[in-house]
Amino acid sequence: MSASTPAPYVEPAFGAACKWHVFGEGEAPPWWLLFADPLCVEYSKRDITFDDGGALHFLLAEPSRVAISMVTCRYYQQDHWSVQITAGDTALVQWDGKYWWDKTTQRAGARLTDFRIHGQTAGIGDVVTALRPQFPEIAEVLDDYGHTAGETGLTVALSLDLRCLMVG
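Residues numbered from 1 in each chain as written. Predicted model: local features only at pLDDT ≥ 70, side-chain atom pairs only at ≥ 80, totals over all residues. Heavy atoms only, no water.

Visitor: So what's going on with the overall build of the protein chain? Residues and values would help.
Guide: Scanning the protein chain from N- to C-terminus turns up 3 helices and 7 strands. Counted from the first residue to the last, the protein chain has its helices and strands arranged as β-β-α-β-β-β-β-α-α-β. Its C-alpha atoms give the protein chain principal-axis dimensions of roughly 55 × 45 × 25 Å. Here the protein chain, with 168 residues, has 38% of them falling under the buried criterion. About 9200 Å² of surface is accessible on the protein chain, with carbon and sulfur atoms providing 64% of the total. In the protein chain, 12 positive and 21 negative side-chain charges are present, and the distance between their average locations comes to 7 Å. (Helix = DSSP H or I, 4+ residues; strand = E, 2+ residues; numbered from the N terminus. Buried < 20%, exposed > 50% of the residue type's maximum accessible area, 1.4 Å probe, protein only. Areas by Shrake-Rupley, 256 points an atom, 1.4 Å probe, with all protein chains shown as cover. Lys, Arg positive; Asp, Glu negative; His and termini not counted. Charge placed at Lys NZ, Arg CZ, Asp CG, Glu CD.)

The structure is reproduced here in C-alpha cells:
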C-alpha cells in the first residue's frame, strides 16, 4: 500500500509520550500551549445547546482551540461532542473523536466512535454490518475502517511541512 493510500486508523507513534491538557465546556487553551510539541488536548463539547448558552460558549472557544493546533508539528486531540436544541434532549449529532497529525512522518489519523444522528448510529461499522450478509468481501475490506456501530477511522498521508523536518 502506498503512503498516499488511506489506511486503517492507528494511534500516533508519539501518543505514549503525551502530556494531556484537559479542557471543559467552552474552555479555551492558554496561549503558552503554542510551544508544546507534541500538543495533546482533550476537549469536552457535550453542552452545545441553544437554550442555555452552550453553543455560544463553544463558538467563542473554538477559534483559539483551532489556532493553537496549527503551529505544532505533532498534535493529538480527543473530544466528546453532543449538539442538541435543549439540555436533556436527544442529541441532533454526537460522537467521541480522536484526531492527530504528525508532520514529522507526514501522517494523520481520525477516528469517530459512537457517532449518532438523532440517536441512530452512523459509521463504517454500520455499513459493514449491513453489507456482510450479501457482500461479505466488501464488508471485510471496510471492516478495517470501522467494525462497531457508529465507528469510522482512517490514517492518511500529509504534505511535507519543512518546519517539522528536524523535530522528532
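Visitor: Please provide a residue-by-residue account of the environment of Ile138, values included.
Guide: Examined against the element boundaries, Ile138 turns out to sit in helix H3 (residues 136-143). Measuring from C-alpha to C-alpha, the distance between Ile138 and Val127 comes to 9.9 Å, with 11 residues separating the pair along the chain.

Visitor: Explain the nonpolar core to me, using residue names and the numbers behind them.
Guide: Among the nonpolar cores identified, the biggest contains 10 residues, and these are Phe23, Leu33, Ala36, Leu39, Val41, Tyr43, Ile68, Tyr75, Trp101 and Ala108. The greatest single-element share of this core, amounting to 3 residues, is contributed by strand S2 (residues 39-49). Not counting residues up to four positions away in its chain, the partners in contact with Tyr43 are Phe23, Glu27, Pro29, Arg65, Ile68, Tyr75, Gln77, Gln78, Asp79 and His80. Counting residues in hydrophobic clusters, the runner-up holds 7 residues, among them Phe58, Trp81, Val83 and Trp95. (Core = buried A, V, L, I, M, F, W, Y, C linked by side-chain atoms within 4.5 Å. Contact = heavy atoms within 4.5 Å.)

Visitor: Help me get a handle on the pattern of salt bridges, residues and values and all.
Guide: Within the structure shown, the criterion is met by 12 salt bridges. Across the salt bridge formed by Asp114 and Arg116, the nearest N and O atoms sit 2.7 Å from each other. A salt bridge links Arg132 to Glu140, with the nearest nitrogen and oxygen atoms 3.6 Å apart. By relative accessible area, Glu140 is classed as partly exposed at 48%. (Salt bridge = Lys/Arg side-chain N within 4 Å of Asp/Glu carboxyl O.)

Visitor: Explain the packing of aromatic side chains residue by residue, including any values.
Guide: Applying the stated criterion to the full structure yields 8 aromatic pairs. Taken together, Phe58, Trp81, Trp95 and Phe115 form an aromatic cluster joined through their ring pairs. (Phe/Tyr/Trp six-rings, centres within 6.5 Å; stacked < 30°, edge-to-face > 60°.)

Visitor: Before we move on, can you summarise the state of the cysteines with the specific residues and values?
Guide: By definition, a disulfide links the sulfur atoms of two cysteines through a covalent bond. Evaluation of the coordinates by the stated rule reveals 2 disulfides. Paired through a disulfide, Cys18 and Cys40 show a sulfur-sulfur distance of 2.1 Å. Across the S-S bond linking Cys18 and Cys40, the dihedral sits near -55°, which makes this disulfide left-handed. Here the residue Cys18 occupies a position in the segment before strand S1 (20-23), and Cys40 occupies one in strand S2, the gap between them amounting to 22 residues. Among the residues examined, Cys18 registers a relative accessible area of 14% and is labelled buried. Residue Cys73 pairs covalently with Cys164 via a disulfide, S to S 2.0 Å. One quick way to see it: the torsion about the S-S bond of Cys73 and Cys164 is about -85°, and its sign makes the bridge left-handed. Here the residue Cys73 occupies a position in the loop between helix H1 (54-70) and strand S3 (74-84), and Cys164 occupies one in the segment after strand S7 (152-157), the gap between them amounting to 91 residues. Side by side, Cys73 and Cys164 carry an identical accessibility label, which is buried. Each bonded cysteine of the protein chain gets a number by its place in the sequence, and the pairs then read 1-2, 3-4. (Disulfide = S-S within 2.5 Å.)

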